[in-house]
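For reference, the chains in residue letters:
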Amino acid sequence: MTKISGTALQEHLETLLEVTAFPPPAAFAQSALWKDPDVYAEADADPQAWWDRHARDLHWHHPWDTVLDWSDKPFAKWFVGGKINAAYNCVDRHVEAGRGDRVAFYWRGEEGEEQTLTYSWLHAQVQRAANALVDLGVRPGDVVGIYLPMIPEVVVAMLACARIGAPHNVVFGGFSVESVRERLEESHAKVLITADGARRRGKVHQIKQEIDTVTSSLPDLEHVLVVRRTSVNCPMAAGRDVDWDDALAAANPLAPIQAFDAEHPLFILYTSGSTAKPKGILHTTGGYLVGVAHTTKYIFDLRPETDVFWCSADVGWVTGHSYIVYGPLLNGATSVMYEGAPDYPHRAIWWETVERYKVSIFYTAPTAVRACMSWGAEEPNKHDLSSLRLLGSVGEPINPKAWLWYREVIGGGNCPIIDTWWQTETGQIMIAPVPGITAAKPGCAMRPLPGIKADVVDPDGNPITEGQGLLVLRRPWPGMLRTLYNEPERFVRTYWSRFGPDTYLVGDAARIDADGDIWILGRTDDVINVSGHRLSTAEVESAIVSHPKVAESAVVAQHDEITGQAIVAFVTPVEGTETEGMDHELRDHVAEMIGKLARPKRIIWTYDLPKTRSGKIMRRLLRDIAAGRDLGDVTTLRDPAVMDQLRKLIAERGDSED
Ligand code: WT7
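Because the structure is predicted, anything quoted here is derived from the model rather than measured. (Residues numbered from 1 in each chain as written. Predicted model: local features only at pLDDT ≥ 70, side-chain atom pairs only at ≥ 80, totals over all residues. Heavy atoms only, no water.)

### Details of the overall build of the chain
Scanning the chain from N- to C-terminus turns up 21 helices and 30 strands. Against the globule reference of 26 Å for 658 residues, the chain gives a C-alpha radius of gyration of 25 Å, in line with a compact fold. The buried share among the 658 residues of the chain stands at 61%. Here the contacts in the chain between residues at least 6 apart in sequence split such that 71% fall between residues at least 24 apart. Accessible area of the chain: about 24,500 Å², with a carbon and sulfur share of 50%. (Helix = DSSP H or I, 4+ residues; strand = E, 2+ residues; numbered from the N terminus. Rg over C-alpha atoms; globule rule 2.2 N^0.38 Å. Buried < 20%, exposed > 50% of the residue type's maximum accessible area, 1.4 Å probe, protein only. Contact = heavy atoms within 4.5 Å. Areas by Shrake-Rupley, 256 points an atom, 1.4 Å probe, with all protein chains shown as cover.)

### Looking at the layout of surface pockets
The space that makes up the second largest pocket amounts to roughly 320 Å³. Ser274, Lys279, Thr494, Leu505 and Asp525 are the residues nearest the centre of the second largest pocket, which is lined by 16 residues in total. Of all the secondary-structure elements, those providing two or more residues to the lining of the second largest pocket are helix H17 (488-496) and strand S24 (504-512). Here the element with the most residues in the lining of the second largest pocket is H17; it accounts for four residues. Each residue belonging to the lining of the second largest pocket can be placed in one class, and the counts come to four nonpolar, six polar and six charged. (1 Å grid on protein atoms, 1.4 Å probe; cavity = no way out; pocket = protein on both sides within 12 Å on 5 of 7 lines; lining within 4 Å. Points joined across faces, edges and corners; volume = space filled by probe spheres on them. Nonpolar A, V, L, I, M, F, W, Y, C, P; charged D, E, K, R; others polar.)

### Considerations on empty space enclosed by the protein
Evaluated as defined, the whole model comprises five cavities of 30 Å³ or more. Its boundaries defined by the atoms lining it, the largest cavity holds a volume of some 90 Å³. At the level of elements, helix H16 (400-410) and strand S20 (417-420) are the ones that each hand at least two residues to the lining of the largest cavity. Grouping the amino acids of the lining of the largest cavity by side-chain chemistry returns 13 nonpolar, one polar and one charged. Roughly 60 Å³ of volume is contained in the second largest cavity. Residue lining of the second largest cavity: His54, Asp57, Leu58, Val290, Ala293, His294, Lys297, Tyr298 and Asn331, and that is the complete set.

### Here we look at the sheet that holds S24
The strand order S21-S22-S24-S25 describes an open sheet built from four strands, whose pairing is antiparallel. Sheet topology places strand S21 (454-457) and strand S25 (518-523) at the edges, where each strand pairs with a single neighbour. On average, adjacent strands in this sheet sit at an angle of 45° to one another, irrespective of strand direction. In this structure, S24 lies alongside S25, joined through five bridges in antiparallel fashion. Bridge pairing in S25 places Ala510 opposite Ile520. (Pairing = 2+ DSSP bridges. Axes fitted to C-alpha atoms, helices over the stretch in contact; angles between N-to-C directions.)

### Structural notes on the site of the ligand
Around the ligand lies a shell of 17 residues, among which Asp419, Thr420, Thr424, Arg523 and Arg534 are the nearest. Here a nitrogen atom of the ligand and a backbone polar atom of Thr420 are 2.7 Å apart. For the ligand, whose free accessible area comes to 560 Å², the fraction covered by protein is 96%. Secondary-structure elements contributing two or more residues to the shell around the ligand are helix H12 (318-330), S20 and S25. For the shell around the ligand, a count of residues per class yields six nonpolar, six polar and five charged. (Near = heavy atom within 4 Å. Polar contact = N/O pair within 3.5 Å; in protein donor to acceptor, adjacent residues only side chain to side chain.)

### Points about the side chain of Thr537
Structurally, the position occupied by Thr537 is in helix H18 (residues 537-545). By relative accessible area, which is 5% here, Thr537 ends up buried. If sequence neighbours within four positions are ignored, Thr537 has contacts with Asp526, Ile528, Val555 and Arg619.

### Describing the domain arrangement of the chain
Examined at the domain level, the chain breaks down into domain 1 (6-82 + 280-519), domain 2 (115-258) and domain 3 (526-653). Centre-to-centre, using C-alpha coordinates, domain 1 lies 29 Å away from domain 2. Domain 1 puts 22 residues into the contact, and the matching count from domain 2 is 23 residues. Across the domain 1/domain 2 interface, buried area totals approximately 2,000 Å², and carbon plus sulfur atoms make up 67% of it. Counting across the domain 1 and domain 2 interface gives two salt bridges. In this structure, the salt-bridge partner of Asp343 is Arg201, at a minimum N-O distance of 2.6 Å. At the level of secondary structure, the elements contributing two or more residues to the side of domain 1 that touches domain 2 comprise H12 and strand S17 (334-338). Each residue belonging to the side of domain 1 that touches domain 2 can be placed in one class, and the counts come to 14 nonpolar, five polar and three charged. (Domains from an automatic or database assignment. Buried area = accessible area lost by both parts, 1.4 Å probe. Salt bridge = Lys/Arg side-chain N within 4 Å of Asp/Glu carboxyl O.)

Spelled out as structure tokens, the structure:
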């Protein structure tokens, strides 16, 4: 396709909106790893045999006796009796096979600096880092916190933990140190790996100094390992804090491989639930590795010898764990890793990067596609994107317009678009088109992958053949979470109780169409999806009410053109508080408590919140107010005057966003 923009592009996209489904480009389908739709039937006929076969793509130090033990459901055990080492599979075996010179990552920093990290380099670094952790007293089963920017050391740190059987607990760099504290405390982390500072859009943030304000209240934390990324002031506590470079230099360069049980914990990753307390999603080793290795290979149609893979997520989210670190490395792939934001230092940086490294597979979030769309096709059009052959999307529903823009402007009309539905809990992609087989519908996640069984059900759990309902998963899968760290009852209650222990409740609503294809509609719990990141309303509310001038708060989601959803906070101040000019203060407070990503886009001050006579906050009404919808019946309201006040307030003050 010739590169178009402006009105011509708009008209072109309008005509494409009429197309129901886009079959894989013929050339792609012809050479795809999976081109025969029989894979679905084959996997369904015997799912355990299917996973047994795919698990053999990895190196096991000892084979398993049983593929799946589901006798203690919903606590699954996969590849029972098998012994495996995650780091060995990600790094050593490629080096041993003579592929040490292959590039694992082309890393690019915010200031344009570059590093080429080969598998041999990773091999050497991971061994030293593993030994450095052992020298600090880390033993199998000890939790190691990681709070790092998108720098090569974050991959080394994760793999070093995996190598010695110490589950890592990565906290996204955009979370506040208070969030880090909570997650380290909950997981009893023994060591934290962090950086002196981080660069964000040209500014340097003093990470270590900030961390020091919370570490004293962590009795389990014995050491802090500090990577020097910047030259900011970095206080080091004698005996506790250790310089990463010094520790690696002092460590033995050789770290023998220890094989761990397939069910040995690999990592904990905290995610938001419907209460203020984040859930520690626990993934174990064998099954997770099988799930991500397999999906990286077949859903992205990955050819490690020739492809350059780029997942633009942050390693601090599950997407980064599965499709920046484990999936690509297990396959011996070459990836790109970029430190910065999509618009820093300029709005064509992603496309310049695609051209520079000849990226062939690109995986990003709908919010990023919509942001790029709003910046105009002129930016990507400046670059040669012809190396791209497959595009992926993840994190939230992608609207057909953004899907088509992605396909035409970024993919030049030649790349299959893979809308991948999954969760932190599922570990691996679950519902997505298969690129060489599926005729993909714009905005539709399509079908469960071979071996996966999903249904859309009514409130009683009966499958719906066409229409809307709750999305459920019916059958265990290797990458599934095993429990919530230290909260097994919450694990059972949250996911496996509504429809019994054989049905996993996803928490999303979905529509199944006449062809049996699944359209994800969004969360059914009190979770807001801002730019593909999960935030619980309760968590944001609790941060807001922890401000001394706040009496009560209710948080709801509002549709947003770019971020999908945005946070709207209704806030009742403590009596006598002057709220004029308070918005900034409250937003900063939320940033401090959770992180900038949780700052409400809009704050609406009100003397009371609409409540039922029994005192329950009527969130539906708040959502209607936020969306400017007709408020309908408010007769059950305790104090209908509240509604009049809210209506008036909104009319007078409008949006309070930055
Ligand atoms: C929730 C999971 C999976 C990694 C990123 C998010 C939503 C995810 C899609 C998609 C529609 C999607 C769901 C899901 N979601 N992918 N392709 N289409 N919605 O992981 O933070 O665990 O969030 O994100 O609501 O439940 P997460």
